[in-house]
Amino acid sequence: MSDTKSVDNLESQDSVKPVILVVDDEETIRSCLKEALEAEGHKVYTAEDGGNSLRLTKKVIPDLVILDLKMPGMNGLDLLREIKLHDQNILVILLTGHASVDSAVSAMKAGAFDYLEKPFKMEHIKVVVDKALSTQSLMREVSRLRAKTNITGNVNIIAVSKEMKEIFEHVKIIAQSPSSTVLIQGESGTGKELIANYIHMMSARNKYRFMEVNCAALTENLLESELFGYEKGSFTGAATTGKAGLFEATQRGTMFLDEIGEMSVSLQSKLLRVLQERKFKRVGGVDDINIDVRIIASTNRDLEEEVKKGNFRKDLYYRLKVLPVFLCALRDRKDDILPLVKHYIHNFNKEFNKDVNNIPSGTEAILKNYDWPGNVRELKNVIERAVLLSNSSILSAEHLLLGSEIGAKDTGEPARMGTGGDEEADQSISTIEKQHIAAILKETLWQMTKASKILGINRTTLYNKIKHYGIKQ
């Protein structure tokens, strides 16, 4: 039986062992290397020629390839170049029984990590493999840190309130699972992407990629091709060489599907197959590609209601909700407001070269009593603007711009939020929210994208609030 046939029946990996592919036309060498390297704790696949090894490379995305220079058909140098075209991050060690200066130079120029001569000592092979995998681990870590910086910026999570501490303890337990699917639910701006990133960083997958995909930002066809990739000529405009998808790029890492409630029903069925079988086909492809990727999804929608309406698959909902996390709104964890304010003041002081260090009691009261419809994201935007506009060490209420009632000059007194009981307080909060939204719309000249970003809510929510409050341009 061919060495590559068993790959079609691979079970999903429950760990994140380094993956090594051994390519050699001599069965004895393949078997010896596989046995020795598996004894070191690595996951090892084998292939006997260039064609089979390329197919296997696309399926398992190895960390390291050990390949023979002289093979029938595609030789080692050509295979090395093909592997590097597919994924520059895969390291390659070449083996040969015909060592020469010219072939060594050619191998290194083509991107080989190292070059070893047959017959080799197994202990020497292990040393070189360990060195290569250490290099690969460092490369993955740098990529992860860059991705984390680009995706989330500051990943500090403020958990002072009882409510947030309970959520945080729950998330710590969830992070211990390397593969179980997570569904994070909560209003826009509550920090779902930070929690997802934290789960990844605290899991066994943290040396690999954290990939964030906003399901609401792409059309159905574009989202499908981005997630699954596509084969050459699969649709008009497809690249002549095809393209690997984000699932392949995230191998052994974590995929964060933000706003999954916006995903089309047809695409939901394809995602369900990925979750159930751990494999998929590229757009226009015929071969299954096996993956080992953890899925974390988030939504600000009530998915149970979406299931009842027929907008979301029931089976996918329960498959996603293996480990649920519910993030409460900022208005429901008031004790976190001032710590968050101080945290953001510190960050923006450094960014804008300011020295804001005094929060008057009146400003504190305004911040604590405001309803924060955009949650933490809105709070961050408000503090950014207030620090930038400040000309002193005081965080002035007039720079908060939270509506006319709470945007007045700071008098040191708490903002009035109504004195006639809960009903009047609720009405006052609604009035403040309406005034705040109207002020931001005016400030941005009714540019919806810019306004929704400042408010910390998505465009759909902004349109609904404009309609609800009857705000006119």
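Predicted, not measured: the structure shown is a model, and the values here were computed from it.

**Student:** Would you mind going over helix α7 (residues 192-201) with me for this structure?
**Tutor:** Each α-helix turn comprises 3.6 residues. Residues three or four places apart therefore point the same way. Most of α7 is tucked away: 8 of the 10 residues are buried. Along α7, the residues that are buried comprise Lys 192, Leu 194, Ile 195, Ala 196, Asn 197, Tyr 198, Ile 199 and His 200.

**Student:** Looking at this model, I keep getting lost on the packing of helix α17 (residues 448-455) against helix α18 (residues 459-469). Mind explaining?
**Tutor:** Each pair of packed helices can be summarised by the angle the axes make with each other and by the distance between the axes. Contact geometry of α17 with α18 gives a least axis separation of 9 Å together with a crossing angle of 95°. The pairing of α17 with α18 is recorded here as roughly perpendicular in orientation. Where α17 approaches α18, its residues Met 448, Thr 449, Ala 451, Ser 452 and Leu 455 are matched on the opposing element by Arg 459, Leu 462, Tyr 463 and Ile 466. For the contact of α17 with α18, a count of residues per class yields 6 nonpolar, 2 polar and 1 charged.

**Student:** Sorry if this is basic, but what is going on with the environment of Leu 455 here?
**Tutor:** With respect to the helices and strands, Leu 455 occurs in helix α17. For the pair formed by Leu 455 and Trp 372, sequence separation is 83 residues and the distance between their alpha carbons is 9.0 Å. Not counting chain neighbours up to four residues away, the residues in contact with Leu 455 comprise Gly 374, Glu 378, Asn 381, His 436, Ile 437, Ile 440 and Leu 462.

**Student:** How should the packing of aromatic side chains be read in this particular structure?
**Tutor:** Working definition: an aromatic ring pair is given by the centre-to-centre distance plus the angle between the planes. Scanning the model with the defined rule gives 9 aromatic pairs in all. Ring geometry for Phe 210 versus Phe 256: centroids 6.1 Å apart, planes at 20°, classification stacked. Of this pair, Phe 210 sits in strand β7 (residues 210-214) while Phe 256 sits in strand β10 (residues 254-258), and the two are 46 residues apart along the sequence. Between Phe 228 and Phe 247, the ring centres sit 5.6 Å apart and the planes meet at 25°, which makes this aromatic pair stacked. With Phe 228 in helix α8 (residues 220-228) and Phe 247 in helix α9 (residues 246-249), this pair connects stretches of sequence that are 19 residues apart. The same class applies to Phe 228 and to Phe 247, which are both buried. An aromatic cluster is defined as three or more aromatic residues linked by ring pairs; in this entry it consists of Phe 228, Phe 247 and Phe 280.

**Student:** Explain the sheet that holds strand β1 (residues 19-23) to me, please; I cannot follow it from the model alone.
**Tutor:** Across a sheet, strands are paired by hydrogen bonds formed along the backbone, either parallel or antiparallel in direction. Spatially, 5 strands are ordered β2-β1-β3-β4-β5 in an open sheet, and the strand pairing comes out parallel. In this open sheet, the two edge strands, each paired with only one partner strand, are β2 (43-47) and β5 (114-117). Put simply, the sheet's adjacent strands are angled 20° from each other on average, direction ignored. Pairing analysis gives 4 bridges linking strand β4 (residues 91-96) to β5, with the strands arranged parallel.

**Student:** Please explain the packing of α8 against helix α10 (residues 265-277) as it appears in this structure.
**Tutor:** For the pair α8 and α10, the least separation of the axes is 10 Å and the interaxial angle reads 15°. In this view, α8 runs roughly parallel relative to α10, as classed from their interaxial angle. Here the hand of the crossing between α8 and α10 comes out left-handed. Judged by residue contacts, Glu 220, Leu 223, Glu 224 and Phe 228 of α8 engage Ser 266, Leu 267, Lys 270, Leu 271 and Val 274 from α10. Looking at the contact of α8 with α10 residue by residue, the class counts come to 5 nonpolar, 1 polar and 3 charged.

**Student:** Would you mind showing me how to read the side chain of Ser 53 here?
**Tutor:** In this structure, Ser 53 sits in helix α2 (residues 50-60). By relative accessible area, which is 1% here, Ser 53 ends up buried. For Ser 53, the contacting residues outside a window of four places in its chain are Leu 21, Val 23, Ala 47 and Leu 79.

**Student:** In this structure, what is going on with the nonpolar core? I would like to understand it.
**Tutor:** Nonpolar side chains in soluble globular proteins tend to be buried together. In terms of nonpolar packing, the biggest core is built from 30 residues, with Leu 227, Phe 247, Met 255 and Leu 257 touching the most fellow members. Mapped by element, the contributors of at least two residues to this core are β7, α8, α9, β10, α10, β13 (294-299), α11 (303-308) and α12 (314-320). In terms of residue count, the dominant contributor to this core is α10 (5 residues). Residue contacts for Met 255: discarding those within four places in its chain leaves Met 211, Val 213, Leu 227, Leu 246, Phe 247, Thr 250, Val 293, Arg 294, Ile 295 and Ile 296. Among the nonpolar cores identified, the runner-up in size contains 25 residues, and Phe 348, Trp 372, Ile 383 and Leu 400 belong to it.

**Student:** How should I be thinking about helix α6 (residues 162-175) in this particular structure?
**Tutor:** Over its 14 residues, α6 extends 20 Å from the first C-alpha to the last, a length consistent with the 20 Å expected when each residue adds 1.5 Å. The complete set of buried residues in α6 reads Met 164, Ile 167, Phe 168, Val 171, Ile 174 and Ala 175. Down the axis of α6, the buried set is contained in an arc of 115°. They therefore lie on one face. Across α6 from its buried face, at more than 90 degrees, point the exposed residues Lys 162 and Ile 173.

**Student:** What's the story with the sheet that holds β10 in this structure? I'm lost.
**Tutor:** Here 5 strands make up an open sheet; going across it, the order is β7-β10-β13-β6-β14 and the pairing parallel. Edge positions in the sheet fall to β7 and β14 (323-326), since each has one partner strand and no second. When the angles between neighbouring strand axes are averaged without regard to direction, this sheet yields 15°. For strand β6 (residues 182-185) and β13, the ladder comprises 4 bridges, and the chain directions are parallel. From the neighbouring strand, Ile 184 faces β13, where its bridge partner is Ser 298. In this fold α6 packs onto β6, β13 and β14, with an angle of close to 155° to the strand it touches most, β14.

Cut-offs used in this document
Residues numbered from 1 in each chain as written. Predicted model: local features only at pLDDT ≥ 70, side-chain atom pairs only at ≥ 80, totals over all residues. Heavy atoms only, no water. Buried < 20%, exposed > 50% of the residue type's maximum accessible area, 1.4 Å probe, protein only. Helix = DSSP H or I, 4+ residues; strand = E, 2+ residues; numbered from the N terminus. Axes fitted to C-alpha atoms, helices over the stretch in contact; angles between N-to-C directions. Parallel < 35°, antiparallel > 145°, perpendicular 65-115°, else oblique. Contact = heavy atoms within 4.5 Å. Nonpolar A, V, L, I, M, F, W, Y, C, P; charged D, E, K, R; others polar. Phe/Tyr/Trp six-rings, centres within 6.5 Å; stacked < 30°, edge-to-face > 60°. Pairing = 2+ DSSP bridges. Left-handed = near helix turned anticlockwise from the far one by under 90°. Core = buried A, V, L, I, M, F, W, Y, C linked by side-chain atoms within 4.5 Å. Expected span 1.5 Å × (residues − 1). Arc of directions from axis to C-beta.

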